[in-house]
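Survey of secondary and tertiary structure
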Amino acid sequence: MIEGPMKPRLSIPKPHRRGFLTAAAGLFGVSALGGCDRWAASPAGQRTLKLGEDANLFVQRLLLTPASLAKEFPDSEISPWFKPNGTIEPPDKTYKALAAKNFEGFRLRVDGLVERPQDLSLADLRALPARTQTTRHDCVEGWSAIGKWTGVPLSEVLQRAGLKPQARYVVFHCADTMEYATGGGDETEEKTTANPGMESRPEGAESQASDSQAAGAEAPAQGGDDEGDEAQGTPVRYYESIDLTDAFHPQTILAYDLNGKALPVSNGAPLRLRVERQLGYKQAKYVMRIEVTESLNGIGDGKGGYWEDRGYEWYAGI
Amino acid sequence: MAAGSTLSGPDIVETVRRRWMFRHPLAIRLAHWLNVVCLAILLMSGLQIFNAHPALYWGAASTFDKPFVAITDDQKDDGTPRGIVYVAGHTFDTTGVLGLSNLNGQPAGRAFPSWATLPAHQDLATGRRWHFLFAWAFVINGLIYLIYGLGTGQLRRRLIPDGDQMRGFGSSIREHLTLHFPEGEEAKRYNVLQKLTYLIVVAVLLPLMLLTGLSMSPGVNAVVPLPELFGGRQSARTVHFIVTNLLVLFVIVHVLLVLLSGVVNNMRSMITGWFVIERQKLPAGSGEVR
């Protein structure tokens, strides 16, 4: 009943070849584990790894229209505690002075590539058309909280200022100092291990990773000098940016209320951005100035945000 | 086994003879190995991402004080640190592996140990980049596999049990338990347990990974209400983690059975396509002996 051997094109592997292949596979496996991290740190590796983000942005822009809204929840689903993350109390003197007087002296500066730069007080902002939305906030770390936000649509503010034709990005400059730039070369390592959420492990060798934002809030508190001093270096403040597609989305608002009450300091008082179709670190808190630009170069490290400068995706729709 | 029909002499010398089958077309072999790379990287970068917030919840939002699962570290009564896994009200000491493990020789509080994560040190940003790049590779590879498999009928032939196989379900379980696997004609097709397991992996678990993964994307959520399929975004994240565990379990059993049912034959067939379905001891002089 042998039907004539179905001869494979390849002869039977000889034992030594087999052994060699097994050894090679094993070696590859072991070196791949360590090699992955080295490759990821190389320029070519970083360019390649960024392809995933580019694909995400491309596909999500194809799928999302101005009418694609983030889900809005009933008030019954509002989280009992809206977990504050990142900076919870800006150490900066200017900010503290504003907060001490209930932000009466606060003026939102709108400038850059606009026809009519604006300085808007909270009363001015509250007098503009408002939008209230109960949405889910998704932290890059993985947790979610639901809150009810009230604020002025960013489009209202931008239309008031009038965009110049070259305008492409909206940059949000925030009050909170995250760290002081020392200009040292060892800064890079800290940057790559940082983590936007403030949920952090209190101990352990690596806790500096997720603590760094909290640590950033603590370190300046020692000096608290707004302009920095010789010992501490230049303050690096939080900033974020979005493009015009997201800037003019109906759910993109500058929120001044959370759950029907004035925004608490821990959640970003007096004004925070809500870009509901992106992750938490895009929702800049303590927004002081809105700058309309043609490019993100020259701001921070040029990647479009404090966390983006530390390796996170500029497009945080995933 | 019957001897060859060309049996001619009275002297019987046993020699090795094999019957081959071309079992795995190139497209399937490529898809298999690409999937190995993708799933390994997705698993390890996924554990890196999990470490950034090592707790799972049910529902749309996180219930921070009442997680379903949490991996963390605390201190024993005598003050020494320990790693713990908390699951639905039960606490397990997992010191050394989960919650507390060694990093560069020092005990470090981290959910999954550094040898299991990509990158090895805590770096959520790079973990996410690995995860999304290889999620794309996984999806594209999977689509090509499905289109090829459906178009050629390979998927139906490989994954859907034949009627007679369903009736032999019990004996297939017995074969697995006693590690006696079919040879000859019966070895030409996957057995019923294989087919059903692969079917569940291909048609249920892997698509679930994709759907629960996309459920966590706020951008995708604005287009398709995916999280609601799973009871909310945090539920989707929890399901993503549970299905990961099922896939790891599958891989362990799969690799174990590959080793037990003839590792060389199995590996050769997934590399070159050629699989030996029969080995016989034959009398000498019976046709071509190789």
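Nothing here was measured: the structure is a model prediction, and the numbers come from that model.

Mapped onto the present numbering, the UniProt feature "domain: Cytochrome b561 bacterial/Ni-hydrogenase" (unreviewed entry) falls on residues 23-273 of chain B. Across residues 23-273 of chain B, the secondary structure splits into 59% helix and 12% strand, with the terminal C-alpha atoms separated by 5 Å.

Here we take up the UniProt feature "transmembrane region" (unreviewed entry) in chain B. Residue and element names in this part refer to chain B. Mapped onto the present numbering, the UniProt feature "transmembrane region" (unreviewed entry) falls at residues 26-50, 130-148, 196-218 and 238-260. In residues 130-148, the share of helix is 100% and the share of strand is 0%. The end C-alpha atoms are 27 Å apart. End C-alpha atoms of residues 196-218 are separated by 34 Å, and the span's content is 91% helix alongside 0% strand.

Residues and elements named next belong to chain B. The domains assigned to chain B are domain 1 (15-51 + 123-282) and domain 2 (55-111). Relative placement of domain 1 and domain 2: their C-alpha centres are 31 Å apart. If you look at the interface, domain 1 gives 11 residues, while domain 2 gives 10 residues. Residue assignment for the side of domain 1 that touches domain 2 shows that the elements contributing at least two residues are α1 (26-52) and α9 (233-260). The element contributing the most residues to the side of domain 1 that touches domain 2 is α9, with 6 residues. Taken together, the residues of the side of domain 1 that touches domain 2 sort by class into 3 nonpolar, 6 polar and 2 charged.

Within the largest apolar cluster, 54 residues are counted, with the highest numbers of intra-cluster contacts made by A:Phe172, A:Cys174, A:Leu254 and A:Val287. In terms of residues, this core owes the most to one element, strand β5 (residues 169-181) of chain A, which gives 7 residues. In contact with A:Cys174, other than residues within four places in its own chain, are A:Arg237, A:Tyr238, A:Tyr239, A:Ala284, A:Lys285, A:Tyr286, A:Val287 and A:Met288. B:Ile41, B:Leu42, B:Trp130 and B:Phe132 belong to the second-largest nonpolar core, a separate cluster that totals 20 residues.

Take the confidence of the model for chain B next. All names here are of chain B. In this model, chain B carries a mean pLDDT of 90, and residues with pLDDT of at least 70 account for 91%. Here residues 286-290 is modelled with pLDDT under 50, and outside its nearest four sequence neighbours on either side it reaches 10 contacts, counting other chains as well. Taken together, the chains of this predicted complex give a pTM of 0.85 and an interface ipTM of 0.87.

Take the sheet that holds strand β10 (residues 287-293) of chain A next. Strands in a sheet are paired, the pairing made by backbone hydrogen bonds, and the direction either parallel or antiparallel. Residues and elements named next belong to chain A. The sheet built from 5 strands is open, its strands ordered β2-β1-β10-β5-β6 with mixed pairing. At either margin of the open sheet sits one strand with a lone partner, and together these are β2 (118-120) and β6 (234-243). Strand after strand, the sheet turns through a mean of 25° between neighbouring axes, direction not considered. With 3 bridges connecting them, strand β1 (residues 108-112) and β2 associate as antiparallel partners. Residue pairing across strands places Arg109 opposite Asp119, the latter belonging to β2.

Here we take up the sheet that holds strand β4 (residues 81-87) of chain B. Residue and element names in this part refer to chain B. Taking strand neighbours across the sheet as the criterion, the 4 strands line up as β2-β3-β4-β5 in an open arrangement whose pairing is antiparallel. Edge positions in the sheet fall to β2 (55-56) and β5 (90-93), since each of these pairs with one other strand and no more. As paired elements, strand β3 (residues 69-75) and β4 share 7 bridges and run antiparallel to each other. Looking across to β4, one finds that Gln75 is bridged to Pro81.

Here the bond from A:Ala269 into A:Pro270 is cis, since omega is 0°, no more than 30 degrees from zero. Position of A:Pro270 relative to the elements: it lies in the loop between β8 (261-262) and β9 (272-274). The step from B:Leu118 to B:Pro119 runs through a cis peptide bond, and the omega angle for that step is -10°. With respect to the helices and strands, B:Pro119 occurs in the loop between β7 (106-110) and α2 (124-152). One non-glycine residue, B:Ala88, lies in the positive phi region at around 40°. With respect to the helices and strands, the residue B:Ala88 is situated in the loop between β4 and β5. Residues other than glycine seldom take positive phi values, yet B:Leu179 does so here, at roughly 55°.

Bringing the packing of helix α6 (residues 192-215) of chain B against α9(B) into the picture now. Residue and element names in this part refer to chain B. Two elements in contact, α6 and α9, have axes whose closest approach is 9 Å; the angle formed by their N-to-C orientations is 150°. Classified by chirality, the crossing of α9 by α6 is left-handed. When α6 is examined against α9, the residues Thr197, Val201, Leu205, Leu208, Met209, Thr212, Gly213 and Ser215 are found in contact with a partner set consisting of Arg233, Ala236, Val239, His240, Val243, Leu246, Leu247 and Phe250. Its residues assigned to classes, the contact of α6 with α9 comprises 10 nonpolar, 5 polar and 1 charged.

All names here are of chain A. If you look at the hairpin formed by β1 and β2, you'll find 5 residues sitting between the two strands. Two strands pair when backbone bridges link them, and β1 and β10 are joined in this way by 4 bridges, in the parallel orientation. Bridge pairing in β10 links Arg109 to Arg289.

Further remarks concern the pairing of strand β4 (residues 144-153) of chain A. All names here are of chain A. Of all the 10 residues making up β4, 10 are buried; the element is thus mostly covered by neighbouring parts of the structure. One ladder, built from 8 bridges, connects strand β3 (residues 131-138) with β4; its direction is antiparallel. When the sheet's bridge partners are listed, Thr135 is paired in β4 with Gly147. Hairpin connection, β3 to β4: the antiparallel pair is bridged by 5 residues, and Gly142 has positive phi, about 130°. Bridge analysis of β4 against strand β7 (residues 253-258) gives 5 bridges, and the strand direction is antiparallel. In the sheet register, Val152 faces β7, and the bridge partner there is Leu254.

With that settled, consider the packing of helix α2 (residues 43-63) of chain A against α2(B). Axis separation between α2(A) and α2(B) bottoms out at 7 Å; the angle between their running directions is 65°. Judged by the inter-axis angle, α2(A) sits roughly perpendicular to α2(B). Between α2(A) and α2(B) lies a crossing whose hand is left-handed. Facing A:Leu49, A:Lys50, A:Leu51, A:Gly52, A:Glu53, A:Ala55 and A:Asn56 of α2(A), the residues of α2(B) in contact are B:Arg129, B:Trp130, B:Phe132, B:Leu133 and B:Trp136. Grouping the amino acids of the contact of α2(A) with α2(B) by side-chain chemistry returns 7 nonpolar, 2 polar and 3 charged.

Conventions we followed
- Residues numbered from 1 in each chain as written.
- Chains lettered and ligands numbered in written order.
- Predicted model: local features only at pLDDT ≥ 70, side-chain atom pairs only at ≥ 80, totals over all residues.
- UniProt positions renumbered as here; feature names shortened; annotations may be inferred.
- Helix = DSSP H or I, 4+ residues; strand = E, 2+ residues; numbered from the N terminus.
- Domains from an automatic or database assignment.
- Contact = placed C-beta atoms within 7 Å.
- Nonpolar A, V, L, I, M, F, W, Y, C, P; charged D, E, K, R; others polar.
- Core = buried A, V, L, I, M, F, W, Y, C linked by C-beta atoms within 7 Å.
- Buried ≥ 20, exposed ≤ 12 C-beta atoms within 10 Å, placed from the backbone.
- pLDDT = per-residue confidence, 0-100.
- Pairing = 2+ DSSP bridges.
- Axes fitted to C-alpha atoms, helices over the stretch in contact; angles between N-to-C directions.
- Left-handed = near helix turned anticlockwise from the far one by under 90°.
- Parallel < 35°, antiparallel > 145°, perpendicular 65-115°, else oblique.

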